[in-house]
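Structure assessment
Listed here are the chains, written in short residue letters.
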Amino acid sequence: MKDVFHSNGFKILIITVFVLFGVMLITAGSGGSFATNAFGFLSTPMERVSTLITNNATVAAQSVTQSKEELEAENAQLKQQVDELNRKLINYYTYQQENAQLRKFLELKNDNMDFKPVSAAVIARDPANLFYQFTIDQGTLAGIAVYDPVITESGVAGWVSSVSANYSRVTTVLSPDTKISAMDKVNRESGVVGTDVKLSDQGIVKLGMLSAGTTVKAGDIVVTNGLGGIYPRDLAVGTVKSVKSDPYDVSLYAEVTPFVDVKTVRDVMVITSFQGQGQALDDNTKPASSSSASSQGGK
């Protein structure tokens, strides 16, 4: 017990009690000003810290508001730049397609100086048409007329069957209405390219009216021979797939796979004029629907 009273902790406790007692006496004598001052001494730094935090928060809020407005303005500017780039990109692809078509035109013109081709794009297809008729974006204003041959760089695609000022409809090589005077490029044997519903469904045409002793064989190239005035000479039509007997007469015919896939073609050329156009137009080479088509304005 004596050790407790003589310990340092006990002595510190006694001193603390006396100090607090003295503070109370002084406070009572000074009307509480000391306590107030002591509290003010302790609270003033805290108030300064609180004020500083509040001011910084206000400045930060204003900064955020300004940044949002600036970001919105920047986003609007960026969107405008993106729109402009998209327009330039569209123009680039348009020019690229036009340049590619012009190169094809030049090649076509170099090989056929009498041709007057018009570039056109496929803009619509008739889903109800069994023979893949399509519409192109050029018409009479570009010099196009009914019966004009429609081709690609690969070969014959079809012919113009009706025409308006700004668009034309094309009947394809897979239509039974199409008749093309053609020949085997290897042995120069001539015939007429046509098709029927069954062959058209397979994407095939046929070179008919071949003689019984024909030398046409698989792999031969079939081209237009220029007769009839519908198609110029030496336009590619397709490749011979096989030679078969015609079930309705003694002649033979060759099944031909067209070079042009009319189901997916996107860009074409319409030959509006060529040497020999319209000459010797007869029933063997004239499209089956020519009588109705001519009423819409042929050449």
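On a predicted model such as this, the values are computed, not experimentally measured, just so you know. (Residues numbered from 1 in each chain as written. Predicted model: local features only at pLDDT ≥ 70, side-chain atom pairs only at ≥ 80, totals over all residues. Heavy atoms only, no water.)

**A look at the nonpolar core**
- I136, V193, L207 and V222 are the most contacted members of the largest nonpolar core, which totals 43 residues.
- Examining the composition of this core, we find that 5 residues originate from one element, strand β4 (residues 156–163), more than from any other.
- Residues within four places of I136 in sequence aside, it is in contact with A120, A121, V122, I123, I144, N166, Y167, S168, V170, V268 and V270. (Core = buried A, V, L, I, M, F, W, Y, C linked by side-chain atoms within 4.5 Å. Buried < 20%, exposed > 50% of the residue type's maximum accessible area, 1.4 Å probe, protein only. Helix = DSSP H or I, 4+ residues; strand = E, 2+ residues; numbered from the N terminus. Contact = heavy atoms within 4.5 Å.)

**As for the confidence of the model for the protein**
- Looking at the protein, the pLDDT average stands at 78 and 63% of residues meet or exceed 70.
- For residues 281–285, every residue scores under 50 in pLDDT, and the model assigns this stretch 11 contacts once sequence neighbours within four places are set aside.
- When the criterion is pLDDT under 50, residues 288–299 qualifies, and its contacts beyond four places in sequence or with other chains add up to 25 contacts. (pLDDT = per-residue confidence, 0-100.)

**A look at the pattern of salt bridges**
- Within the structure shown, the criterion is met by 4 salt bridges.
- For the salt bridge of D234 with K185, the shortest nitrogen-to-oxygen distance reads 3.0 Å. Placement of D234 in strand β10 (residues 233–245) and of K185 in the loop between β6 (180–184) and β7 (190–194) is noted, with a sequence separation of 49 residues between them.
- Overall, the relative accessible area of 38% leaves D234 in the partly exposed class.
- Where K217 meets D220, a salt bridge forms, and the shortest distance between an N and an O atom there is 3.3 Å.
- On the accessibility criterion, K217 (46% relative accessible area) is partly exposed.
- What you see here is one network of salt bridges that share partners, running through K185, R233 and D234. (Salt bridge = Lys/Arg side-chain N within 4 Å of Asp/Glu carboxyl O.)

**Regarding the side chain of S181**
- By the secondary structure assignment, S181 is in strand β6.
- For S181, a relative accessible area of 9% puts it in the buried group.

**A closer look at unusual backbone geometry**
- One non-glycine residue, Y132, lies in the positive phi region at around 65 degrees.
- If you trace the backbone, Y132 turns up in the loop between β1 (117–125) and β2 (134–136).
- You will see that R188, though not glycine, has its phi angle at about 65 degrees, which is positive.
- Its location among the elements puts R188 in the loop between β6 and β7.
- Residue R188 is classed as partly exposed on the basis of its relative accessible area of 49%.

**A look at the environment of D234**
- Residues D234 and M183, spaced 51 residues apart in sequence, show a C-alpha to C-alpha distance of 9.0 Å.
- Here D234 is in contact with M183, K185, V223 and T224, once residues within four sequence places are set aside.
- Reaching out from D234, the side chain makes a polar contact with the side chain of K185 at a distance of 3.0 Å. (Polar contact = N/O pair within 3.5 Å; in protein donor to acceptor, adjacent residues only side chain to side chain.)

**Quick notes on the sheet that holds β1**
- The sheet built from 6 strands closes into a barrel, its strands ordered β1-β2-β5-β4-β3-β12 with antiparallel pairing. Direction aside, neighbouring strands of the sheet carry axes that sit 45 degrees apart on average.
- Taken together, the 5 bridges between β1 and strand β12 (residues 267–271) define a ladder with antiparallel strand orientation. Bridge pairing in β12 places S119 opposite M269. (Pairing = 2+ DSSP bridges. Axes fitted to C-alpha atoms, helices over the stretch in contact; angles between N-to-C directions.)

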